[in-house]
Amino acid sequence: MRLTKFTDLALRSVMRLAVVRDGDDPLTTREVAEVMGVPYTHVAKAITRLQHLGVVEARRGRGGGLTLTGPGRRASVGWLVRELEGDGEVVACEDDPPCPLRAACRLRGALRDAQEAFYASLDPLTVADLVASPTGPVLIGLTDRPDRPSG
């Protein structure tokens, strides 16, 4: 199974926000985009979705920025991936033209089961688990900026 680029970017953004240290200024969407080496607009869309899910809080203005919420830190990775990926099928049986096997195909059900097994394997993991050592220190090092306190 392969995740969409949107889900991948959203997960990496959440992971970076999960390691912001107490006393550090919150990161901005632009800073997250720079760290990830992706366009600002892509990160902005992911952050908006994460806000709707209650995983990220965004504050505007002086002292503003992005913060991972408590529920976001404790969120199941399986839940988060399901929400970001949506409930679409792995295969496109109903596309135009529809697959001629769709009425009697066993592949669709097998792939649906495999998809759920993939998500289920992520259910026990939390965002906090994803940023445990050695990942967390690497993420922190990506944005140690001289113009901001490094804690």
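Everything here concerns the structure above.
Quick notes on the rules
Residues numbered from 1 in each chain as written. Predicted model: local features only at pLDDT ≥ 70, side-chain atom pairs only at ≥ 80, totals over all residues. Heavy atoms only, no water. Buried < 20%, exposed > 50% of the residue type's maximum accessible area, 1.4 Å probe, protein only. Helix = DSSP H or I, 4+ residues; strand = E, 2+ residues; numbered from the N terminus. Arc of directions from axis to C-beta. Contact = heavy atoms within 4.5 Å. Polar contact = N/O pair within 3.5 Å; in protein donor to acceptor, adjacent residues only side chain to side chain. Expected span 1.5 Å × (residues − 1). Core = buried A, V, L, I, M, F, W, Y, C linked by side-chain atoms within 4.5 Å. Phe/Tyr/Trp six-rings, centres within 6.5 Å; stacked < 30°, edge-to-face > 60°. Lys NZ or Arg CZ within 6 Å of the ring centre and 35° of its normal. Salt bridge = Lys/Arg side-chain N within 4 Å of Asp/Glu carboxyl O. Pairing = 2+ DSSP bridges.

Enquirer: Describe in detail helix H5 (residues 77-85), supporting the description with residues and values.
Expert: If you check which residues of H5 are buried, you get Val77, Gly78, Leu80, Val81 and Leu84. Each buried residue of H5 sits inside an arc of 160° when the element is viewed along its axis, so together they form one side. Contact partners of the buried residues in H5: helix H1 (5-18), helix H3 (40-52), helix H6 (107-122) and helix H7 (127-130). Residue serine 76 occupies the N-cap position of H5, its side-chain oxygen lying 3.2 Å from the main-chain nitrogen of glycine 78. Directly after H5, the chain includes glycine 86, whose backbone phi takes a positive value near 80°.

Enquirer: Describe H1, naming the residues involved and giving the relevant values.
Expert: With 14 residues, H1 ought to run about 20 Å at 1.5 Å a step, and its terminal C-alpha atoms sit 20 Å apart, in line with that. The element H1 is extensively covered by neighbouring structure, given that 10 of its 14 residues are classed as buried. When H1 is considered as a whole, its buried residues turn out to be Thr7, Leu9, Ala10, Leu11, Ser13, Val14, Met15, Arg16, Leu17 and Ala18.

Enquirer: Please provide a residue-by-residue account of the nonpolar core, values included.
Expert: Note on soluble globular proteins: their nonpolar side chains tend to be buried together. Of all hydrophobic cores here, the largest spans 32 residues; its most connected members are Leu17, Leu50, Val55, Val56, Leu68 and Leu80. Elements with a contribution of two residues or more to this core: H1, helix H2 (29-36), H3, strand S2 (65-68), H5, H6 and helix H8 (135-141). Examining the composition of this core, we find that seven residues originate from one element, H1, more than from any other. If we skip the residues at most four places from it in the chain, valine 56 touches Leu17, Ile47, Leu50, Gln51, Leu66, Thr67, Leu68 and Thr69.

Enquirer: Could you give me a rundown of the packing of aromatic side chains, with the residues and numbers involved?
Expert: What the rule picks out here adds up to one aromatic pair. The ring centre of tyrosine 40 lies 4.1 Å from the NZ or CZ of arginine 30, which sits over that ring.

Enquirer: Now, about the pattern of salt bridges: what can you tell me, with residues and values included?
Expert: Applying the stated criterion to the full structure yields five salt bridges. Two residues, glutamate 57 and arginine 59, come together in a salt bridge whose shortest N-O distance is 3.1 Å. Arginine 59 gets classed as partly exposed once you look at its relative accessible area, which sits at 38%. Its salt-bridge partner being glutamate 116, residue arginine 82 comes within 2.7 Å of it at the nearest N-O pair. In this pair, arginine 82 is assigned in helix H5 and glutamate 116 in helix H6, connecting sequence segments 34 residues apart. For arginine 82, a relative accessible area of 23% translates into the label partly exposed. Taken together, the shared-partner salt bridges connect Arg82, Glu116 and Asp123 into one network.

Enquirer: So, the pairing of S2: which residues are in play, and what are the values?
Expert: Across four bridges, the pairing between strand S1 (residues 56-59) and S2 is antiparallel. Note that in S2 the partner of arginine 59 across the bridge is glycine 65. Where S1 hands over to S2, the hairpin turn is made up of five residues, of which glycine 61 adopts a positive phi near 85°.

Enquirer: Summarise the side chain of threonine 7; cite the residues concerned and give the values.
Expert: On the secondary structure map, threonine 7 appears in helix H1. The exposure class assigned to threonine 7 is buried, which follows from its relative accessible area of 0%. Discounting residues that sit within four places of it in the chain, threonine 7 has contacts with Val81, Leu84 and Glu85.

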